[in-house]
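Working through the structure, step by step
Below, each chain spelled out in residue letters.
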Amino acid sequence: MTSVGDGEHGQHDRQEAPEHEELGRRSLAGSFARYDTLVARADALSVRAGSSLAGDRSATPYSSAPDQLRAGLGVALDHLHAFKIIVTDGGAVLPFAMFTLVRSAYEAAGTALWLLHPSSRDDRVLRSLKLARENRRLVHVAMQHLERDDPGWARTLAALERNRDARPGLVGVDLRDVERVTNRLKEIGPLLPSLFQSPLTLWQTSSGMAHANGSMILLMLDREQVGPSEHGGADFMMTPSLLALAGYFDAALDTIETALDLWDRRN
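Here's what I pulled together on the structure shown here. (Residues numbered from 1 in each chain as written. Predicted model: local features only at pLDDT ≥ 70, side-chain atom pairs only at ≥ 80, totals over all residues. Heavy atoms only, no water.)

Where helix H4 (residues 95-116) contacts helix H8 (residues 199-210), the axes come no closer than 8 Å and their chain directions differ by 140°. Considering their axes alone, H4 and H8 lie oblique with respect to each other. Here H4 runs over H8; the crossing is left-handed. On H8, the residues touching Phe96, Phe99, Thr100, Val102, Arg103, Tyr106 and Glu107 of H4 are Leu202, Trp203, Ser206, Ser207, Met209 and Ala210. In the contact of H4 with H8, the residues fall into 8 nonpolar, 3 polar and 2 charged. (Axes fitted to C-alpha atoms, helices over the stretch in contact; angles between N-to-C directions. Helix = DSSP H or I, 4+ residues; strand = E, 2+ residues; numbered from the N terminus. Parallel < 35°, antiparallel > 145°, perpendicular 65-115°, else oblique. Left-handed = near helix turned anticlockwise from the far one by under 90°. Contact = heavy atoms within 4.5 Å. Nonpolar A, V, L, I, M, F, W, Y, C, P; charged D, E, K, R; others polar.)

Here it is, written out as structure tokens:
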């Protein structure tokens, strides 16, 4: 429930047309079948000897770049599996949970695609090393907050620096500044021209739902006034558009599929 400013009863209502709701249900059914196909592709991923991916793996022995990619795709698919279960097993529509799940999928799959994107091995290796350092740094910060020793932090830094310095083009390069998620998603936008919104916009709007951004909630959800207008506002029942949810789910699948296709080309 939320409140909207003054107006006649029903003036601010916005509800999904029945035919659009039915289209959303059919679209989700097709997307869930497509999801299963992508899971099978992800489960079958391997690195072929002599491939570009094999070279990336050899250049990142401490934290293998292909393993980082598989982890990102696995995380994205895991979140979309939860979305699918909500609809198929529970028969529910939980907008905040569902937008939060697709948000995490955009971030994980988008990062995998960003890691794969550069044509230069040095650029791919540098991204991999920076991301591995940042991921381990977050563990180190947590250990500090817990007031626990973390001898593995120094070993991690030493190993990543050895991997970096083994490549003449990367000797001494600073590994501390990894690109923000927003910049990663902005970069991969041109790789996903068929999306109905850019990867960054999809992530930002679903993030607003995950973080209870009231303005974003008004933008993203349909509403029906359920109480009288009093004292400058009224109570509204907020509901999601199934067609919009289907579009967000399908956009996450597009991102995963594009990353899998690029994996195949690099392989």
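This is not the end of the story, as more comes after the structure.
Moving on to the layout of surface pockets. Space inside the largest pocket adds up to approximately 460 Å³. Around the largest pocket sit 24 residues that line it, and Glu107, Thr111, Leu131, Asn135 and Arg184 are the ones nearest its centre. Listed by contribution, the elements that provide at least two residues to the lining of the largest pocket are helix H3 (65-88), H4, helix H5 (121-145) and helix H7 (181-188). Split into classes, the residues belonging to the lining of the largest pocket amount to 11 nonpolar, 7 polar and 6 charged. (1 Å grid on protein atoms, 1.4 Å probe; cavity = no way out; pocket = protein on both sides within 12 Å on 5 of 7 lines; lining within 4 Å. Points joined across faces, edges and corners; volume = space filled by probe spheres on them.)

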